[in-house]
Amino acid sequence: MAYLLKTPRRGRTHRVISPMEFMARLAALIPPPKIPLVRYHGVFAPRSSWRSLVTPKPPARAAKSEPCAGHG
């Protein structure tokens, strides 16, 4: 399998690799399961003291739930 390089490196325009080497390189790019893909830093970090000032507030819940008009 030949891979065309965008820019020539050391005078080479193609890289020849075996299918198994290609699959190994491709598998290295896939993140492991249950690892978050987004990491927050600065004021959006989970333990930031300013986080509550910059994140939106959760919607207010209804004080009392009433049954639907069609029931009961």
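Draft legend 1. View of the overall build of the protein. Each helix and strand in the protein was counted, giving two helices and two strands. In the protein, the succession of helices and strands from N to C terminus is β-β-α-α. Taken over 72 residues, the protein has a buried fraction of 4%. Here the protein displays about 7,700 Å² of accessible surface, and carbon together with sulfur accounts for 63% of that area.

Draft legend 2. Representation of the pattern of salt bridges within the structure. Applying the stated rule across the entire model yields two salt bridges. Of the charged contacts, one joins Glu21 and Arg15 as a salt bridge, the two residues approaching to 3.4 Å between their closest N and O atoms. On the accessibility criterion, Arg15 (37% relative accessible area) is partly exposed. Here Arg25 ties to Glu21 by a salt bridge, and the two come within 3.5 Å at their closest N and O atoms. Linking Arg25 with Glu21, this pair stays in helix 1 (residues 19-28), spanning four residues, or about one helical turn. Classification of Arg25 as partly exposed rests on a relative accessible area of 45%. Overlapping salt bridges bring together Arg15, Glu21 and Arg25 as one network.

Draft legend 3. Focus on unusual backbone geometry. At Arg10, a position not held by glycine, the phi torsion is positive, near 55°. Despite not being glycine, Lys34 shows a phi value in the positive range, around 65°. With respect to the secondary-structure elements, Lys34 resides in the loop between helix 1 and helix 2 (51-54). For Lys34, a relative accessible area of 87% corresponds to the exposed category.

Draft legend 4. Layout of the pairing of strand 1 (residues 2-9). Here four bridges tie strand 1 to strand 2 (residues 12-16), and the two strands are oriented antiparallel to one another. Residue pairing for strand 2: Arg9 is matched across the bridge by Arg12. Hairpin connection between strand 1 and strand 2: a loop of two residues separates the two successive antiparallel strands, and Arg10 in this loop has a positive phi of roughly 55°.

Draft legend 5. Quick look at a nonpolar patch on the surface. A cluster of nonpolar residues, Leu37, Val38, Tyr40, Phe44, Trp50, Leu53 and Val54, forms a patch on the protein surface that exposes about 820 Å² of accessible area. Of note, Tyr40 is situated in the loop between helix 1 and helix 2. Residue classification places Tyr40 among the exposed residues on the basis of a relative accessible area of 52%.

Definitions and limits used
- Residues numbered from 1 in each chain as written.
- Predicted model: local features only at pLDDT ≥ 70, side-chain atom pairs only at ≥ 80, totals over all residues.
- Heavy atoms only, no water.
- Helix = DSSP H or I, 4+ residues; strand = E, 2+ residues; numbered from the N terminus.
- Buried < 20%, exposed > 50% of the residue type's maximum accessible area, 1.4 Å probe, protein only.
- Areas by Shrake-Rupley, 256 points an atom, 1.4 Å probe, with all protein chains shown as cover.
- Salt bridge = Lys/Arg side-chain N within 4 Å of Asp/Glu carboxyl O.
- Pairing = 2+ DSSP bridges.
- Patch = residues over 30% accessible without salt bridge, like charges linked within 9 Å, V, L, I, M, F, W, Y side chains within 5 Å.

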